[in-house]
Every structure is written in structure tokens, then in C-alpha cells.
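As a plain string of letters, each chain reads:
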There are 2 protein chains.
Amino acid sequence: MSKIAKTDHPVHELVARRWSPYGYSARPVAEPDLRSLFEAARWAPSSYNEQPWRYILASRDDPAQFERLLECLVPANREWARTAPVLALGVFKRSFSHDGSPNAVAMHDLGLAAGNLCLEATARGLYVHQMAGILPERARELFGIPDDFQPITGIAIGYAADLDTLPEKLRRRDTTPRRRKPLGELVFGPRWGETSEVVG
Amino acid sequence: MSKIAKTDHPVHELVARRWSPYGYSARPVAEPDLRSLFEAARWAPSSYNEQPWRYILASRDDPAQFERLLECLVPANREWARTAPVLALGVFKRSFSHDGSPNAVAMHDLGLAAGNLCLEATARGLYVHQMAGILPERARELFGIPDDFQPITGIAIGYAADLDTLPEKLRRRDTTPRRRKPLGELVFGPRWGETSEVVG
């Protein structure tokens, strides 16, 4: 399968197997699986154990909630994401709860929680596609999100579609091999931009 | 072992077993393992496949580089992190490479890469402790980090210390059970703050 990462160094199969589909199967996600995905997110690390992550969840089983959530995506994402059986918004709390000061890493820590969610999904044969293209102000209005919380990602969850059932455009996207920059362009030693001897 | 997460719903053992030690063993991290940790980070998803993550890496084998990296941590973190055999800084690129526009989710995507790094570490018996308490301007000076890149996290990597060898303060920290907010406070349905029926 072309989507398995062609890595330069060995990685755990959950890293190699994860990818972000545009096409989803109609197969619903069982609620115990969904609970485990968010349970995994819950156990991510965070600065001061603040746990700044919050989610708004919408399953196709609740059509009104699902439509509200779709409305929070930019049109280009709405188009493909509506085939996913489950959608969510990722939200982070801007301030620390213990003293109200700004949490400069809250968005980073939401990303850590999302990493756990993806890991758990992959382990269960599920796929996650995250989107930066959301309409945060629409989400605030529709779900009553307070000022101290920032919606930042859309999250589609489900089983990947059988490729034969996809329109040509999505099939092309979902069969393109995953590509990454060389590791040497990412990990530096004493001078910025110069590959660390450890990875070089 | 008290550090294994007591979860309310089943999660993959790599999620349950991960925790952030303050005390590290003197055992070095083999270079192939280190390469696999950053290789796992490399394969995280990111908005527009920008891959905004960069790392500055310092192993105890290079004492000058290790000291420079320690200098970028706030004193309270320097104190315990100096026992780790490997330190790194997590840095994100602020702008998109394809058009130079601001990347509003770059920090989030660095968190996704960190999630993969932690997964790979846990699978290899290694432990990661991330820190928000760094001195970004010191890091800029010491490593020549350009304006378009933002250092945001410190990362300690190694094997957890034998608890008997730790001073009392660190032993207490490293034996405290992991705690999290209830899942119902994190996952909402149609109204903010009201638990989604799926997880409730």
C-alpha cells in the first residue's frame, strides 16, 4: 500500500501506517472506539499538567450536530469532510487555570493530544484527517465557545474509503505517496541549518 | 508501577506507559534509537505538509553542545534536565514556505511531531520530558536561530532513573500517580461545557 511511509530509519508501525485520508467509508465508528480515541488524547503530557485541550464532537448519528460542525469548516474542507462519520473541533484554553496567566504552549499541547488521538485511531484501524481550515468565529457562535478558548483544528475520523468508490480527484489524493523533507534538514547541531552529527 | 495511566477507557499501551521523568539514568541513548525518534517526528502530519518542526540536538557525548543547550533552559529545568543524556530544543517555522504567509497552526504541528517522538521513545523503553520553561532569546543567540523560527520547547530524552538513586524531591515527583481531568470535562456536544453524549 503506497501510503505506508518509506522511512530512512525504522519507526513503530503506528507511525508508518498513519495517514490522512480525504475519502471515508460509510462504516460508522463504534462509540467505545471513539471514547478510547479521546481517552488517549486525555493522557497526553502538558505544561503544568494544564490539559488545555477541549473537543466538540459530532457524529453522523446526530444530523443537526453534524451539520453545525460542518458549518465550522471552510468550504473546501466541508466538501470532502462530510463523508466522514465523525467530526470534531480541537480547541485549546489560552490561560493557565492555576493563575490565569497566558499559556504560551497551549496550542502545542493540543497538538500533543492530537498525536495521541491519531496513535489510538491507527491502532484501531481508524484514520484521522486534521484541518487548519476552519471558521473559528462561526464555531464560537454555534457552540458558545468562551473567549478564553480558541478553536483551531477540524478533525475528521473514520475508516478510509475503498479507493475504487472515490471520485478521481480524491482517489489521486489518497494514493499519492507520503513525502517528507530529509531528516538532515530538520535536526541541527551547534549551528542552525547544519545537520546534527547524530542524524547526519 | 504507579506511573501506568489508570484509564477510564482502554488505550494503547504506548499511551498508558508514557510519562515524563525528572530523574534520568546515566545510560546513554544509542544513536540509531535517537535517529528513529526524530524520524518518527518527521512523519507527523502538518498543515499543507509544511513540516514546520525543527530540532536542535545535544548529546552528553558533545559536552560543549550539551552545556549550550542547558543554558537555554530556565534554571529550575536546568537543575534536573542536566541528568538526561540527550537534550533538544523544539522549534517551529512561523510562515508557510509556499507563499510566506503566517502559519497559524505551526506550533500545533510541532506538538504533533512531539507526539510521534514520544510514541517512538516509549516503544524503545525511552522517556521524554518536555519543558515550556526555556529561554528563547538565549537559544537564538547561541544557535543562530533566524527570526522566522520560534524555539518553544525543551526536550529531555533518556532512560528513567532507578528510583532508589534519586534525591527525595525527585523521587517524590517520579512516583506521583498521573492525574487527568475527567473525559466529560473535555469532550462537548452541542453546548460548550456540556459533555458529549458519546463519551458521557
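Residues numbered from 1 in each chain as written. Chains lettered and ligands numbered in written order. Predicted model: local features only at pLDDT ≥ 70, side-chain atom pairs only at ≥ 80, totals over all residues.

S.K.: Teacher, can you tell me more about the interface of chain A and chain B here?
M.R.: Where the parts come together, the accessible area they lose is often given as the size of the interface. Counting from both sides, the interface comprises 65 residues of chain A and, opposite them, 64 residues of chain B. When contributions to the side of chain A that touches chain B are tallied by element, the ones reaching two or more residues are helix H1 (13–17), helix H2 (31–42), strand S1 (53–59), helix H3 (63–71), helix H5 (106–123), strand S4 (149–158) and strand S5 (187–188) of chain A. By residue class, the composition of the side of chain A that touches chain B is 35 nonpolar, 18 polar and twelve charged. In terms of strand pairing, S5 of chain A meets strand S1 (residues 53–59) of chain B through two bridges, oriented parallel. By the bridge assignment for S1 of chain B, Val-187 of chain A is matched with Tyr-55 of chain B. (Contact = placed C-beta atoms within 7 Å. Helix = DSSP H or I, 4+ residues; strand = E, 2+ residues; numbered from the N terminus. Nonpolar A, V, L, I, M, F, W, Y, C, P; charged D, E, K, R; others polar. Pairing = 2+ DSSP bridges.)

S.K.: In this structure, what is going on with the sheet that holds strand S3 (residues 127–131) of chain A? I would like to understand it.
M.R.: Backbone-to-backbone hydrogen bonds join strands into a sheet, with any given pair of strands oriented parallel or antiparallel. Ordered by their spatial adjacency, five strands build an open sheet running S3(A)-S4(A)-S2(A)-S1(A)-S5(B), and the pairing between neighbours is mixed. Looking at strand neighbours, the two that pair on one side only are S3 of chain A together with strand S5 (187–188) of chain B, the edges of this open sheet. Pairing analysis gives five bridges linking S3 of chain A to S4 of chain A, with the strands arranged antiparallel. In the strand pairing of S4 of chain A, Tyr-127 of chain A is matched with Gly-158 of chain A. Contacts between H5 of chain A and the sheet are confined to S1, strand S2 (86–93), S3 and S4 of chain A, with S2 of chain A contributing the most and set at about 150° to the helix. (Axes fitted to C-alpha atoms, helices over the stretch in contact; angles between N-to-C directions.)

S.K.: Even after reading the chapter, I still don't get the pairing of S1 of chain B, so can you show me in this structure?
M.R.: Along any regular strand the residues' side chains alternate between the sheet's two faces. Residues and elements named next belong to chain B. The element S1 is extensively covered by neighbouring structure, given that seven of its seven residues are classed as buried. Going residue by residue along S1, you find Trp-53, Tyr-55, Leu-57 and Ser-59 tucked away on one face and Arg-54, Ile-56 and Ala-58 tucked away on the opposite face as well. For S1 and strand S2 (residues 86–93), the ladder comprises seven bridges, and the chain directions are antiparallel. Residue pairing across strands places Ala-58 opposite Leu-87, the latter belonging to S2. (Buried ≥ 20, exposed ≤ 12 C-beta atoms within 10 Å, placed from the backbone.)

S.K.: In this structure, what is going on with unusual backbone geometry? I would like to understand it.
M.R.: Most of the time, phi is negative for any residue but glycine, and the peptide bond is trans. Residues and elements named next belong to chain A. Phi angles above zero are rare outside glycine, and Asn-49 is one such case at about 50°. You can see Asn-49 is positioned in the loop between H2 and S1. Looking at Asn-49, the number of C-beta atoms within 10 Å reads 14, which means it is partly exposed.

S.K.: Whenever I open this one, the sheet that holds S2 of chain B confuses me. Can you help?
M.R.: Here five strands make up an open sheet; going across it, the order is S5(A)-S1(B)-S2(B)-S4(B)-S3(B) and the pairing mixed. In this open sheet, the two strands that pair with only one neighbour each are S5 of chain A together with strand S3 (127–131) of chain B. Running over the sheet, helix H3 (residues 63–71) of chain B touches S1 and S2 of chain B and is turned about 125° from S1 of chain B.

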